[in-house]
Amino acid sequence: MNKKYIIPVVIFSILLLLPFGVQAVADLRGEKRFQPFDIFKDVVYTPIVREKKIAAAADSLDVRWRAAREAIAAGTETADALEPVVSSLSDLEAAVLSVNTYAELDTSETRYKSLKLADTLVSKLEDEPESFPQADSCIKSLVADLGHVSLWRAFLDVKHYGVWTSRYLRAFENKIDDESAIVLALRPKYQLAVWNIFNDPGEKVVLGAAGDCIGAGCGRDTAAASDRWLFYRQDVEFLVQPSPLDVRSAKLDNPVKAIERFRDQLKAKGVELLVVITPGKPSIYPERLTGKNSDAAGLQSHGKKILDSLTRAGFNTVDLYTPLLAAKSRDSEEGPLYLNDDTHWTPRGAELAADVIAKKVREMVAAGIVKIRGKDEVRYVASDSIADRMGDVGEMSGLNKFNAFKVQKVTGHVVSQQNIKDRTEKLPMDTACVAAAKNACKKSDSCFIAQSALCERDTVLYDTTITPFKDDFRKSEILILGDSFSRIYQTDSPVNAGWIAHFAKNMNRPVASIVSDGGASTLVREKLARKSSVLKGKKLLIWEFVERDLRFGAEGWKDVEF
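Worth saying up front: this structure is predicted, and the values here are computed from it rather than measured.

Time to look at the overall build of the protein. Along the backbone of the protein there are 25 helices and ten strands. Looking at the 562 residues of the protein, the share that counts as buried comes to 44%. Long-range pairs, those at least 24 residues apart, make up 76% of the contacts in the protein between residues at least 6 apart in sequence. In the form shown here, the protein has an accessible surface area of approximately 29,100 Å², with 55% of it arising from carbon and sulfur atoms.

This is the structure we're talking about:
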């Protein structure tokens, strides 16, 4: 080799090996595994270990299923008898679905469908005991197929999901990028430099329009209102990309068909569906994004158009676009409806949504569409609570660690249940009344006893206790499915101040909820399918999801079997 090439080759080799060397040192010094070993492990070790786990989990399922059948036959409650079966089935699913460190079993695989079918059948046994033979057959088939170690199956899984497949290599590459010691050390400094120089908040975030206080979105504090808002990029992309129902979006799942299918499934169980599409922040505050006033933007969004089409098709729906846009006119006195550096609404926006949804439910009850007991069952009270909110969009940018964005204080109204019990106590005799009775009856004892009895006095006392708001799956006739817009303020600070609690307060009724962040399109329905017994006694299901999920919902809009 020519000597003049030696130095460049050495430098190139060092640069090439430097990331690997730094990562190896970082991994070996820390508690994390040495990631390059994953490839070797997933070729020669993981397939056999996984097969053994699958066989053990299948055997456990078989034993517990037999025990559950005997317990049910002996009179044990179905739900109690099936609890170990559900646990074993969950363990089997975890072993089968996770093929190796970086690859998951494809949903088109027969094993995947069989596991999900078994999950569904077991979940509905409490309400539909007639489906027991079908569940028994499905579980026996699973045990027969998976209850032994299969080297051939291990070979096929390595072939289709192994280190030479694109799905494995992409996931491995992403993991290396995310956990690289060099990247973790340099990325924050790079992000901060890009932010300081170019005002670029990162690939997941869109920086709102600059300038002075814009339109109706201005808050009480003009200095704070003039700050540029942050928007989640998917919220913006939903508005500018073709509608999910457009022919150009033919590759996407059709949300309307999924909603229609879900409505029909619920109707078969005697439950009405109410669809609530939550507007994204740019639909309500487009002027904060573009710098141009356009109060009607939300009414022209894909989400509003799809909502209108559902309404025309006879679905029960709630329009939040119109009241939220109208409420902007009071922002200067009451504050904005959405958070500056977050995708979600403020407590004010959440409470407005609760009011609108409750009004719609009362209309449905009055029209006889849904039959809920007429008597108000529960009393609720609300109290102020201040909480600090660090916006999720700011977190996505990675700049919060440098205090690039301010913590926003919000005042939520925490809902509590008010329990009132009455009791009767006797008061001391009225001495004047007794003296009058004695004077009137003179020496007649029987007369005095009768007259003095009229002098006895009772009083009714009320004992009031306050307990935290909580879901009531047993007594509630209303079930809510939702996403992070249902979770915010409800299960995170200040807790029990979200729209769900305020809806219950407005209705004076207990409610129950199932919430999945970012997964209200499919994941939350899958949660419901796994424990469909919660639909027992329910008359109305309110399904809330943010408009961007019509295109970007986690797992799409799959058909979920109940």
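What follows picks up the thread again.
Okay, the environment of S137 next. By secondary structure assignment, the location of S137 is in helix α6 (residues 132-146). Residues S137 and A118, 19 residues apart in the sequence, show an inter-C-alpha distance of 9.3 Å.

Attention now goes to empty space enclosed by the protein. Counted according to the given criterion, the structure contains three cavities of 30 Å³ or more. Of the voids in this model, the largest cavity is the one considered here, and its volume is about 90 Å³. Residue lining of the largest cavity: 14 residues in total, with D42, P47, V99, N100 and V158 positioned closest to the centre. Those elements that place two or more of their residues in the lining of the largest cavity are α2 (37-44), α3 (46-73) and α7 (151-161). Here the lining of the largest cavity gets four residues from one element, more than from any other, and that element is α3. By residue class, the composition of the lining of the largest cavity is seven nonpolar, three polar and four charged. A class-by-class count of the residues in the lining of the second largest cavity yields three nonpolar, one polar and five charged.

A few words now on the pattern of salt bridges. Using the criterion set out here, one finds 26 salt bridges in the structure. Between R248 and D246 there is a salt bridge whose closest N-O contact spans 3.0 Å. Overall, R248 belongs to the exposed group, its relative accessible area being 65%. In this structure, the salt-bridge partner of E334 is R348, at a minimum N-O distance of 3.2 Å. Here E334 is found in helix α17 (residues 331-334), whereas its partner R348 is found in helix α18 (residues 347-366), with 14 residues between them in sequence. Each member of the salt-bridge network shares a partner with another, and the members are D342, R389, R487, D492 and D517.

Looking at the protein, the pLDDT average stands at 85 and 89% of residues meet or exceed 70. Below pLDDT 50 for its whole length, residues 212-226 participates in 34 contacts with residues either more than four positions away or in separate chains.

Let us now look at α18. Over its 20 residues, α18 runs 29 Å from end to end, which matches the ideal 28 Å to within 8%, given 1.5 Å per residue. One or two positions beyond α18, positive phi appears at G368, with a value near 80 degrees.

Bringing the environment of V393 into the picture now. Summarising the element assignment, V393 is placed in helix α19 (residues 392-397). Residue class for V393 comes out buried when judged on its relative accessible area of 0%. Along the chain, V393 and K204 lie 189 residues apart, while their C-alpha atoms are 8.0 Å from each other. In this view, V393 contacts V205, L230, F231, Y232, D341, D342 and T343; residues no more than four positions away in its chain are not counted.

The two faces of a sheet get side chains in turn, since along a regular strand they alternate between them. Among the seven residues in strand β3 (residues 272-278), seven count as buried, and that is most of the element. Burial along β3 is two-sided: the face carrying E272, L274, V276 and T278 and the face carrying L273, V275 and I277 are both buried. Two strands pair when backbone bridges link them, and β3 and strand β10 (residues 540-546) are joined in this way by seven bridges, in the parallel orientation. By the bridge assignment, I277 is partnered in β10 with F545. The pairing of β3 with strand β4 (residues 316-318) spans three bridges and is parallel. Directly across from V276, in β4, lies its bridge partner V318.

Time to look at the sheet that holds strand β9 (residues 512-515). The sheet built from five strands is open, its strands ordered β4-β3-β10-β8-β9 with parallel pairing. At either margin of the open sheet sits one strand with a lone partner, and together these are β4 and β9. Strand-to-strand twist of the sheet, defined as the mean angle between neighbouring strand axes without regard to direction, takes the value 20 degrees. Where strand β8 (residues 478-482) and β10 come together, four bridges link them in parallel fashion. Bridge assignment links I480 to a residue of β10, and that residue is I542. Sheet contacts for helix α15 (residues 302-312): β3 and β4; angle to β3, the most-contacted strand, approximately 160 degrees.

Cut-offs applied
Residues numbered from 1 in each chain as written. Predicted model: local features only at pLDDT ≥ 70, side-chain atom pairs only at ≥ 80, totals over all residues. Heavy atoms only, no water. Helix = DSSP H or I, 4+ residues; strand = E, 2+ residues; numbered from the N terminus. Buried < 20%, exposed > 50% of the residue type's maximum accessible area, 1.4 Å probe, protein only. Contact = heavy atoms within 4.5 Å. Areas by Shrake-Rupley, 256 points an atom, 1.4 Å probe, with all protein chains shown as cover. 1 Å grid on protein atoms, 1.4 Å probe; cavity = no way out; pocket = protein on both sides within 12 Å on 5 of 7 lines; lining within 4 Å. Points joined across faces, edges and corners; volume = space filled by probe spheres on them. Nonpolar A, V, L, I, M, F, W, Y, C, P; charged D, E, K, R; others polar. Salt bridge = Lys/Arg side-chain N within 4 Å of Asp/Glu carboxyl O. pLDDT = per-residue confidence, 0-100. Expected span 1.5 Å × (residues − 1). Pairing = 2+ DSSP bridges. Axes fitted to C-alpha atoms, helices over the stretch in contact; angles between N-to-C directions.

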